[in-house]
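Structural overview
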Amino acid sequence: MSTIANCTYEIIGWEELPSPPDAQPTDGPSLARYEVKKRFQGDFEGDSTAERLMYVPNKDESSTGTGHVTIEQLTGLLNGLSGSFVIQHGGLVVAQGIQQSYGHVVPESGTEELEGIRGVVEISISSAGVHALKLDYLFHRENDGSE
C-alpha cells in the first residue's frame, strides 16, 4: 500500500544556465536552462537542487504554451525517514494559466532510509501562489521482495 506525502515549498534559488549555442533555433522562441533550488515544509522537510529545461515564449513563465522538464534531487526527511531521492517531472501551462504536471520518482535513486522508494509526483501552484508537492510513494526492496 502506498503513502501520500504533502508539502509546500519555496524557491530559494533560480539561476539561468548557459545553453549550447547550436541548440537554439535561428528563428522563433528558444529553450532556456535553469538551476533551481527549493526548500520544503510538511511531510517532506528538506532541500532540493534541480536542472530545468524550459520553453518560454516571450520570457513570461505564466504565458500559455510554457513547458518544462526537470530532474531534481531532494534531500531531507520524508515522514521521518532520512535520505535523498530523485524525481523527474514536467509541466505545461495551457489556457489561462491552468497548469498540468506529471512526475515520478526515479527508480533506484533513493539513499539511506529512502532506498527503494518509488512513486508518482504531482506539483501544483495555487491561485494564491503557494507551491505544493504531493508524493504518492511506496518502497520496493529487491532483497526481500516487499512493497
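Preceding this section is the structure that the text describes.
On a predicted model such as this, the values are computed, not experimentally measured, just so you know.

This part is about the nonpolar core. Of all hydrophobic cores here, the largest spans 18 residues; its most connected members are Leu-78, Phe-85, Ile-117, Leu-133 and Leu-135. Sorting the residues of this core by element identifies strand S1 (3–17), strand S4 (67–78), strand S5 (81–93), strand S7 (117–125) and strand S8 (131–139) as the ones contributing at least two each. Here this core gets four residues from one element, more than from any other, and that element is S8. Setting aside residues no more than four positions away along its own chain, Leu-135 makes contact with Thr-3, Ile-4, Ala-5, Leu-78, Phe-85, Val-105, Ile-117, Val-120 and Val-121.

What follows deals with the pattern of salt bridges. What the rule picks out here adds up to four salt bridges. For Arg-33, the salt bridge identified is with Glu-51, shortest N-O distance 2.9 Å. Pair noted here: Arg-33 is in strand S2 (residues 31–42) and Glu-51 is in strand S3 (residues 44–55), with a separation of 18 residues, a long-range link. In this structure Glu-51 comes out as partly exposed when scored by relative accessible area, which is 36%. For the salt bridge of Asp-47 with Arg-39, the shortest nitrogen-to-oxygen distance reads 2.8 Å. Under the relative-accessibility criterion, Asp-47 is labelled partly exposed at 32%. Exposure remark for Arg-39: the relative accessible area of 38% places this residue in the partly exposed category.

What follows concerns the packing of aromatic side chains. As enumerated under the stated definition, the model contains five aromatic pairs in all. Residues Tyr-9 and Phe-40 carry aromatic rings whose centres are separated by 5.2 Å and whose planes lie at 45 degrees to one another, so their mutual orientation is tilted. Of the two residues, Tyr-9 is situated in strand S1 and Phe-40 in strand S2; the sequence distance between them amounts to 31 residues. Tyr-9 sits in the buried class, given a relative accessible area of 7%. Note on Trp-14 and Tyr-34: the rings are 4.9 Å apart at their centroids and 35 degrees apart in plane angle, and the pair reads as tilted. Remark: Tyr-34 occurs in strand S2 and Trp-14 occurs in strand S1; sequence separation between them is 20 residues. Residue class for Trp-14 comes out partly exposed when judged on its relative accessible area of 32%. Three or more aromatic residues joined by ring pairs make a cluster, and in this case those are Tyr-9, Phe-40, Phe-44 and Phe-85.

Looking at the secondary structure, you find Ile-87 in strand S5. With a relative accessible area of 1%, Ile-87 lands in the buried category. Put simply, Ile-87 and Leu-74 are 13 residues apart on the chain and 7.8 Å apart in space, counted from C-alpha to C-alpha. Apart from the residues lying within four places of it in its own chain, the contact partners of Ile-87 are Thr-70, Ile-71, Glu-72, Leu-74, His-104, Val-105, Val-106, Val-121 and Leu-133.

Time to look at the side chain of Arg-52. Along the polypeptide, Arg-52 turns up in strand S3. Given a relative accessible area of 12%, Arg-52 falls into the buried group. A polar contact of 3.0 Å, which involves the side chain of Arg-52, links it to the side chain of Thr-70. Those residues within four positions of Arg-52 in sequence are excluded, and the remaining contacts are Trp-14, Ala-32, Arg-33, Tyr-34, Val-36, Lys-38, His-68, Val-69, Thr-70 and His-89.

Calculation notes
Residues numbered from 1 in each chain as written. Predicted model: local features only at pLDDT ≥ 70, side-chain atom pairs only at ≥ 80, totals over all residues. Heavy atoms only, no water. Core = buried A, V, L, I, M, F, W, Y, C linked by side-chain atoms within 4.5 Å. Buried < 20%, exposed > 50% of the residue type's maximum accessible area, 1.4 Å probe, protein only. Helix = DSSP H or I, 4+ residues; strand = E, 2+ residues; numbered from the N terminus. Contact = heavy atoms within 4.5 Å. Salt bridge = Lys/Arg side-chain N within 4 Å of Asp/Glu carboxyl O. Phe/Tyr/Trp six-rings, centres within 6.5 Å; stacked < 30°, edge-to-face > 60°. Polar contact = N/O pair within 3.5 Å; in protein donor to acceptor, adjacent residues only side chain to side chain.

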